[in-house]
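So the chains spell out like this:
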Amino acid sequence: MSKPEFVYVTYIETTAEKLWTALTDGDFTARYWFGVRLRSDWKVGSIFEMVQGDGKVSDAGKVVEYDPPRRLAYTFVNLSEEYRDDLPALATFELEPHGNLVKLTLTHAGFAEGGKMLPAISQGWPAILSSLKSMLETGQPLEIPRAALKLEG
Amino acid sequence: MIDIHNFTPATVYTIYIASTPDKIWQALTSAEFSRQYFSGFAVEADLKVGGAFIVRAPDGSRHIDGEVIACDPPRKLTVTWNVNWPGLVEKLGPTLVTYEIEPAGDAVRLTMIEAHDRALSEDILEGGRQGWPAILSSLKSLLETGHPLAMKMAPPQRMLAALKAMGIKTP
């Protein structure tokens, strides 16, 4: 029944330009993304990295699409031993303005069979994108400890 | 009463909200709140197992006719969520919707699980996959900012076409 991909849609009261900045500016991501700073020069083909609060790079991949403020895509995989059977999967963000809202669609696909990335990102993205929505609408991110996340069924 | 063990989740949507479980429970089960974030639709729930679960359209008609299957405020609510279009339940079977509400740090995790007792096409499932993110995004905004999203939803065209092809009359 389940396909090896994860899709998440949310609607945010903001502009596509502000949402684009929130998705690509490392200082901004650090505030809503469990302290993770995204690092890249955002040229297609360039390295894309997730830098944790302690300065360590936890995940890395490449920039695949950069078309502000409409489409952003990058691959990444966790670099730790636990994810050694995984491959860099492709996360694609589509931003569509609807009046004073933006519909954000994330499609994350291309996971290695039997890997651990898909279950991990399936619990991570709803928390990250909920916090992003709060940040843009109220100025405050959500305080969700990583330990409060859980694997589905 | 239906046997919930025959149902398999088809769509799961999780959202985190800066609120309390009690407020989220109230938002999910009261007409006063639902009209604001659910395009004017009014939830009328008799919150006990076997109680009626109705969602009334803005014109007063019963859009959803269901029954409370499990009720554990403010943690879990399971209802049958049957759209009142002629022939729909006969052809698609009942729809089961479960809300789970759990504290997660300073926020609350709300998980919506839509389950069915038979395999349905991706086209049919598009209705819920398009609707739930919009409804629950607006519920989150309402609880966090005091106002819902100004949402103008396009109808789920693939689902409506698929229902029509099955001989189900849609509005």
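Now for a description of the structure that goes with this document. Each chain has its residues counted from 1, running along the sequence as written. Both sets of labels track the order of writing: A upward for chains, 1 upward for ligands. Where local features are concerned, this predicted model is filtered to residues with pLDDT of at least 70; where side-chain atom pairs are given and counted, the filter is 80 or more; whole-chain, interface and lining totals use all residues. The basis for the side-chain values is all heavy atoms of the structure; hydrogens and waters are excluded.

1. Notes on the overall build of chain A
Along the backbone of chain A there are three helices and seven strands. Computed over the C-alpha atoms, the radius of gyration of chain A is 15 Å, within 12% of the 15 Å expected from 2.2 N^0.38 for a compact globule of 153 residues. A principal-axis box enclosing the C-alpha atoms of chain A has dimensions of 40 × 40 × 35 Å. Burial status follows relative accessibility: with a 1.4 Å probe on protein chains alone, a residue under 20% of its type maximum counts as buried, one over 50% as exposed, and anything between as partly exposed. Out of the 153 residues in chain A, the part that is buried amounts to 52%. Contacts were defined at the residue level, with two residues in contact if any of their heavy atoms lie within 4.5 Å. Sequence separation of at least 24 residues holds for 47% of the intrachain contacts in chain A that already meet a minimum separation of 6. Element-wise, carbon and sulfur atoms account for 52% of the exposed surface of chain A, whose accessible area totals about 7,400 Å². Positive and negative charge centroids in chain A, built from 16 and 21 side chains respectively, lie 2 Å apart. By definition, any uninterrupted DSSP run of H or I lasting at least four residues is a helix, any uninterrupted run of E lasting at least two residues is a strand, and each is numbered from the N terminus. Between the two quantities, the radius of gyration covers C-alpha atoms and the globule rule is 2.2 Å times the number of residues to the power 0.38. Methods summary: accessible areas were calculated by the Shrake-Rupley approach with a probe of 1.4 Å, and residue burial reflects only the protein chains presented. For the charge count, each Lys or Arg is scored as positive and each Asp or Glu as negative, with His and the chain ends excluded. Charge coordinates come from a single atom per side chain, which is NZ of Lys, CZ of Arg, CG of Asp or CD of Glu.

2. Brief notes about the environment of His-108 of chain A
Residues and elements named next belong to chain A. On the secondary structure map, His-108 appears in strand 7 (residues 101-109). Given a relative accessible area of 0%, His-108 falls into the buried group. The sequence separation of His-108 and Thr-138 amounts to 30 residues, and the corresponding C-alpha distance is 27 Å. With residues near it in sequence (within four places) discarded, His-108 still touches Glu-5, Phe-6, Phe-76, Ala-89, Leu-90, Ala-91, Ile-121 and Trp-125.

3. Digging into the packing of helix 3 (residues 117-138) of chain A against helix 4 (residues 122-145) of chain B
In this analysis an axis means a line fitted to C-alpha atoms, helices contributing only their contacting stretch, and an angle means the value between N-to-C directions, from 0 to 180 degrees. The interhelical angle for the contact between helix 3 of chain A and helix 4 of chain B, taken along N-to-C directions, is 50°, at an axis separation of 11 Å. In terms of orientation, helix 3 of chain A lies oblique with respect to helix 4 of chain B. You can see that helix 3 of chain A and helix 4 of chain B cross each other, and the crossing is right-handed. Across from Ser-130, Lys-133, Ser-134, Glu-137 and Thr-138 of chain A in helix 3 of chain A, the residues of helix 4 of chain B making contact are Ser-137, Lys-140, Ser-141, Glu-144 and Thr-145 of chain B. Each residue receives one of three labels: charged for Asp, Glu, Lys and Arg, nonpolar for Ala, Val, Leu, Ile, Met, Phe, Trp, Tyr, Cys and Pro, and polar for the others, Gly being one of them. Residues belonging to the contact of helix 3 of chain A with helix 4 of chain B are distributed by class as follows: no nonpolar, six polar and four charged. Comment on the angle field: the value is read as roughly parallel under 35 degrees, roughly antiparallel over 145, roughly perpendicular from 65 to 115, and oblique elsewhere. Crossing handedness is read from the near helix: turned anticlockwise from the far helix by less than a right angle, it gives a left-handed crossing, and turned clockwise, a right-handed one.

4. What to know about the packing of helix 1 (residues 21-29) of chain B against helix 4 of chain B
Residue and element names in this part refer to chain B. At a closest axis distance of 11 Å, the pairing of helix 1 and helix 4 adopts a crossing angle of 130°. If you check the angle between helix 1 and helix 4, you find them oblique. Both helix 1 and helix 4 take part in a crossing whose hand is right-handed. Here Lys-23, Ile-24, Ala-27 and Leu-28 of helix 1 lie close against helix 4, whose contacting residues are Leu-136, Leu-139 and Leu-143. Residue composition of the contact of helix 1 with helix 4, by class: six nonpolar, no polar and one charged.

5. Notes on unusual backbone geometry
The step from Pro-68 of chain A to Pro-69 of chain A runs through a cis peptide bond, and the omega angle for that step is -5°. Within the secondary structure, Pro-69 of chain A sits in the loop between strand 4 (57-67) and strand 5 (71-78). Omega for the peptide link from Pro-73 of chain B to Pro-74 of chain B comes to -5°, which places this bond in the cis form. Here Trp-42 of chain A, not a glycine, exhibits a phi torsion of approximately 60°, which is positive. Structurally, Trp-42 of chain A can be placed in the loop between strand 2 (37-39) and strand 3 (47-51). Among the residues examined, Trp-42 of chain A registers a relative accessible area of 11% and is labelled buried. Residue Ser-39 of chain B is not a glycine yet carries a positive backbone phi of 45°. If you trace the backbone, Ser-39 of chain B turns up in the loop between helix 2 (31-37) and strand 2 (42-45).

None of the figures reported here should be taken as evidence of function without further support.
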